[in-house]
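Chain by chain, the residues run as shown.
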Amino acid sequence: MCGIVGYIGPKPVVPVILEGLRRLEYRGYDSAGIAVGGSRGLELRRAPGKLRKLEEVLHERPVEGTYGIGHTRWATHGRPTEENAHPHRDCTGRIVVVHNGIVENYLALKQELIAEGHKFITETDTEIIAHLIEQEMASAAQTGKNMVLEESVRRAVRRLTGAFALVVICADEPNKIVAARFGPPAVIGLGEGEYFVASDVPGILHHTRNLYFLADGDMAVLTPEGVRLTDFEGNHIERPVQRILWDPIQAEKGGYKHFMLKEIFEQPRAIRDTTLGRISLDTGKVFLSEMKLTEEDFRRATRIHIAACGTSWHAATAGKFMIERLARLPVEVDYASEYRYRDPIADPNALGLLITQSGETADTLAAQREMIAKGSRTIAICNVVGAMITREAHGVIYTHAGPEIGVASTKAFTAQLVALFLFAVHLAQSRGTISADESRALLEELTLLPGKVEEVLRTIDGPCEQLARTYSTASDFLFLGRGIHYPIALEGALKLKEISYIHAEGYPAGEMKHGPNALIDEKLPVVVLATQDRSNRDSRLRYEKTLSNIQEVTARSGKVIAVAVREDEEIPHVADHVLYVPQAPELLLPVLDVIPLQLLAYHIAVRRGCDVDQPRNLAKSVTVE
Ligand code: M6R
């Protein structure tokens, strides 16, 4: 949450920073601001609301210079006003800071600084950082020390608790940008005579592909001469230069009206790329190359704990069905935000699995650390190469979905389901719970999946748009599913509420008669996941029960929108509307189930005039607890 961009170099600074912020706006869009250093000293412009408001301000009151920093905010401490917008300044206005994260001890520090005579004008935690640096600079100046800004930032960050990626400039030391990281991500871009700092790769990828990923406790000093890295003690450190291979175009809309729609349509490719090079149809083997765990580790495991948030939690819950069914290992799934507060029973025989698109979700990272502290080894399923969570994990399965910019997760979700499927098959092979033939058959089905997703996208977009015309004015929605389809019902409800602001709930279909049936009336649309794998006895049984649940809804005048397989002969007689998907094995059906739900949510949100890619009050990466 919050996007930061800093630049020092020969190009006009403002366009470089604004362009970077535009690409990072998914991280927060409550307000935006910029500070630029040049012949007129440091100049600031800020505006509440989205980046375009800041652009309007800059149009009226332009600034220019040779270096600068910018910020797009997701509000934590303080309302989204101009006053609370970053950058923030010290008492003199000569030190300017942008920050992503939360300073947990800010109240104690604020009181201390007020006692020293500092004056605060915002409600933010960030402002104390500027004053702390001011305080440190004042004491350093008295001793006549060199590198005053750098050393003062170092001393200041050592006093902070919480999480921060921060970038500082100071009018007294022009042409210098100091960055520090503890928690939220920060990358440094290395160009030809120009240097960048950003919260995430897309913010600077148009200028350079050569990056340092700062680790916790790293500081970087950017000047026109280059970049110097140290730790918080001032010791020189080295970080490898990483070359980013993905194409910046992948992070563009490419002719689609919204990133979300583009990302929905990218799912066949995301699934293919996540599978590519990881399976052998000859041997029925799955290869997970970034796994430092051995087959013996998998044999010894007695259970699996999965922790994740939001959409990734839904993937985790579907993954439980896959792992338990194939590898016969008990799986517990936790909301990462709850995990460490319930004193979980984890030990060296429990494998921890963290699922996260961004790899920087604070709660998921905290759950991982709790698992490791209790002796468990952890595996991360993650979409961002080199993200924090992958560095602390004993094994990684990357989902190769490509950059996901829309705040509502779509292609990352289906790629997570595929990664979980691969993991379940791999685990089952290691534990000897499935034969080579069974494994080969499952993997063959997996290779057919991208084609089936393409077919759904081709045939279902129109019907979903039609349904959106009928139901976009509904005030509530229910989503029902059983077994592995239940987490997909939850995901359908989350997608709808997140982007259309319609109240929606996901429910296990069989639980309706224990209370929620009371909600049903002729105004309530009920989306029921009624797909089935006819070759699977459990799937058929589940389907029959779901059919009865549909009857129970229609008997009470609810409007049923069913998702069913194309060959289904019964659903058209009982449901008001049917969205068809192709047949697939039970464990792969969720990938097909979810696509009509994504498109339905998308078209409803568009009809309601909602901001699909940047829904209110949300941010793409949740780097605070
Ligand atoms: O990056 P992560 O997968 O860890 O993010 C977890 C959730 O914040 C995320 O899935 C969120 O629920 C999505 N916006 C839902 O579309």
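Let us look at the structure shown here.

Parameters and conventions
Residues numbered from 1 in each chain as written. Predicted model: local features only at pLDDT ≥ 70, side-chain atom pairs only at ≥ 80, totals over all residues. Heavy atoms only, no water. Axes fitted to C-alpha atoms, helices over the stretch in contact; angles between N-to-C directions. Helix = DSSP H or I, 4+ residues; strand = E, 2+ residues; numbered from the N terminus. Parallel < 35°, antiparallel > 145°, perpendicular 65-115°, else oblique. Contact = heavy atoms within 4.5 Å. Nonpolar A, V, L, I, M, F, W, Y, C, P; charged D, E, K, R; others polar. Near = heavy atom within 4 Å. Polar contact = N/O pair within 3.5 Å; in protein donor to acceptor, adjacent residues only side chain to side chain. Areas by Shrake-Rupley, 256 points an atom, 1.4 Å probe, with all protein chains shown as cover. Domains from an automatic or database assignment. 1 Å grid on protein atoms, 1.4 Å probe; cavity = no way out; pocket = protein on both sides within 12 Å on 5 of 7 lines; lining within 4 Å. Points joined across faces, edges and corners; volume = space filled by probe spheres on them. Phe/Tyr/Trp six-rings, centres within 6.5 Å; stacked < 30°, edge-to-face > 60°. Buried < 20%, exposed > 50% of the residue type's maximum accessible area, 1.4 Å probe, protein only. Lys NZ or Arg CZ within 6 Å of the ring centre and 35° of its normal. Core = buried A, V, L, I, M, F, W, Y, C linked by side-chain atoms within 4.5 Å. Pairing = 2+ DSSP bridges. Salt bridge = Lys/Arg side-chain N within 4 Å of Asp/Glu carboxyl O.

**Brief notes about the packing of helix α13 (residues 411-431) against helix α18 (residues 589-607)**
Part 1 of the reasoning: α18 packs onto α13 with a crossing angle of 170° between their chain directions and a minimal axis gap of 9 Å. Taken together, the axes of α13 and α18 lie roughly antiparallel to each other. Between α13, through Phe413, Thr414 and Leu417, and α18, the contact on the second element is made entirely by Pro590, Val591 and Val594.
Part 2 of the reasoning: For the contact of α13 with α18, the per-class residue count stands at five nonpolar, one polar and no charged.

**Quick word on the site of the ligand**
Part 1 of the reasoning: Surveying the vicinity of the ligand reveals 15 residues, the closest of which are Ser312, Thr356, Gln357, Ser358 and Thr361.
Part 2 of the reasoning: Gln357 places a main-chain nitrogen or oxygen 2.7 Å from an oxygen atom of the ligand.
Part 3 of the reasoning: Between the ligand and Thr361 there is a distance of 2.4 Å, counted from an oxygen atom to a side-chain nitrogen or oxygen.
Part 4 of the reasoning: Starting from 410 Å² of accessible surface for the ligand in isolation, the protein chains cover 91%.
Part 5 of the reasoning: Breaking the shell around the ligand down by element, the ones donating at least two residues are α9 (310-327) and α15 (486-500).
Part 6 of the reasoning: Residues lining the shell around the ligand come from more than one domain, with at least three contributed by each of domain 2 (251-434) and domain 3 (448-614).

**A few points about the layout of surface pockets**
Part 1 of the reasoning: Put simply, the largest pocket is a space of about 650 Å³.
Part 2 of the reasoning: What lines the largest pocket is a set of 28 residues, among which Cys309, Gly310, Thr311, Lys620 and Val622 lie closest to the centre.
Part 3 of the reasoning: Elements represented by at least two residues in the lining of the largest pocket include exactly α9, α10 (336-339), β19 (350-356), α11 (362-373) and α15.
Part 4 of the reasoning: In terms of residue count, α9 provides more of the lining of the largest pocket than any other element does, four residues in total.
Part 5 of the reasoning: Here the lining of the largest pocket is built from residues that sort into eleven nonpolar, twelve polar and five charged.

**Concerning the packing of aromatic side chains**
Part 1 of the reasoning: For the structure on display, the rule yields eight aromatic pairs.
Part 2 of the reasoning: Arranged with centres 5.9 Å apart and planes meeting at 25°, the rings of Phe477 and Phe479 form a pair that is stacked. Accessibility assignment for this pair places Phe477 and Phe479 in one class, buried.
Part 3 of the reasoning: Residue placement shows Lys50 over the ring face of Tyr29; its charged tip is 5.1 Å from the ring centre.

**A word on empty space enclosed by the protein**
Part 1 of the reasoning: One pass over the structure, following the stated rule, counts four cavities of 30 Å³ or more.
Part 2 of the reasoning: Lining the largest cavity are 18 residues, and of these Pro185, Phe213, Glu360, Val384 and Ala387 sit closest to its centre.
Part 3 of the reasoning: Considered class by class, the residues forming the lining of the largest cavity number ten nonpolar, four polar and four charged.
Part 4 of the reasoning: For the second largest cavity, the calculated volume is near 60 Å³.
Part 5 of the reasoning: What lines the second largest cavity is Cys2, Arg73, Trp74, Thr76, His77, His86, His99, Gly101, Thr124, Asp125 and Thr126.

**Points about the nonpolar core**
Part 1 of the reasoning: Membership of the largest hydrophobic core comes to 92 residues, with the highest contact counts inside it found for Ile304, Ile323, Phe423 and Phe477.
Part 2 of the reasoning: In terms of domain composition, this core takes at least three residues from each of domain 2 (251-434) and domain 3 (448-614).
Part 3 of the reasoning: In this structure Ile323 touches Ile304, Ile306, Arg328, Leu329, Val331, Leu353, Phe423, Ala424 and Leu427, once residues within four positions along its chain are discounted.

**Points about the sheet that holds strand β26 (residues 577-581)**
The strands making up a sheet associate through backbone hydrogen bonding, with each pair oriented either parallel or antiparallel.
Part 1 of the reasoning: The five strands lie next to each other as β23-β22-β24-β25-β26, forming an open sheet whose pairing is parallel. Strands at the two margins of the open sheet, each flanked by one partner only, are β23 (503-508) and β26. In this sheet, neighbouring strand axes are inclined to one another by 20° on average, regardless of whether the strands run parallel or antiparallel.
Part 2 of the reasoning: Where strand β24 (residues 525-529) lies against strand β25 (residues 559-565), five bridges are found, and the strand directions are parallel. Bridge pairing in β25 links Leu529 to Val563.
Part 3 of the reasoning: Strands in contact with helix α14 (residues 436-471) are β22 (476-481), β24, β25 and β26; relative to β26, the strand with the most contacts, it is inclined by about 160°.
Part 4 of the reasoning: Across the face of the sheet, helix α16 (residues 537-555) comes into contact with β22, β24 and β25 while running at roughly 170° to β24.

**Section: the sheet that holds strand β20 (residues 377-382)**
Part 1 of the reasoning: The five strands are arranged β18-β17-β19-β20-β21 in an open sheet whose pairing can be described as parallel. A strand with exactly one partner marks an edge of an open sheet, and here the two such strands are β18 (331-335) and β21 (395-398). Neighbouring strand axes in the sheet, compared pairwise and without regard to direction, differ in orientation by 20° on average.
Part 2 of the reasoning: Across four bridges, β20 lies against β21 in parallel orientation. Its bridge partner lying in β21, Ile381 is registered against Ile397.
Part 3 of the reasoning: Along the sheet, α11 makes contact with β17 (303-308), β19 and β20, crossing β19 at roughly 170°.

**Things to note about the pattern of salt bridges**
Part 1 of the reasoning: Summed over the entire model, instances satisfying the criterion amount to 42 salt bridges.
Part 2 of the reasoning: For the salt bridge of Arg369 with Asp216, the shortest nitrogen-to-oxygen distance reads 3.7 Å. On the criterion of sequence distance, the pair formed by Arg369 in helix α11 and Asp216 in the loop between β11 (210-213) and β12 (218-223) is long-range, its members being 153 residues apart.
Part 3 of the reasoning: Classification of Arg369 by relative accessible area gives partly exposed; the value is 35%.

On their own, these measurements won't tell you what the molecule is for.
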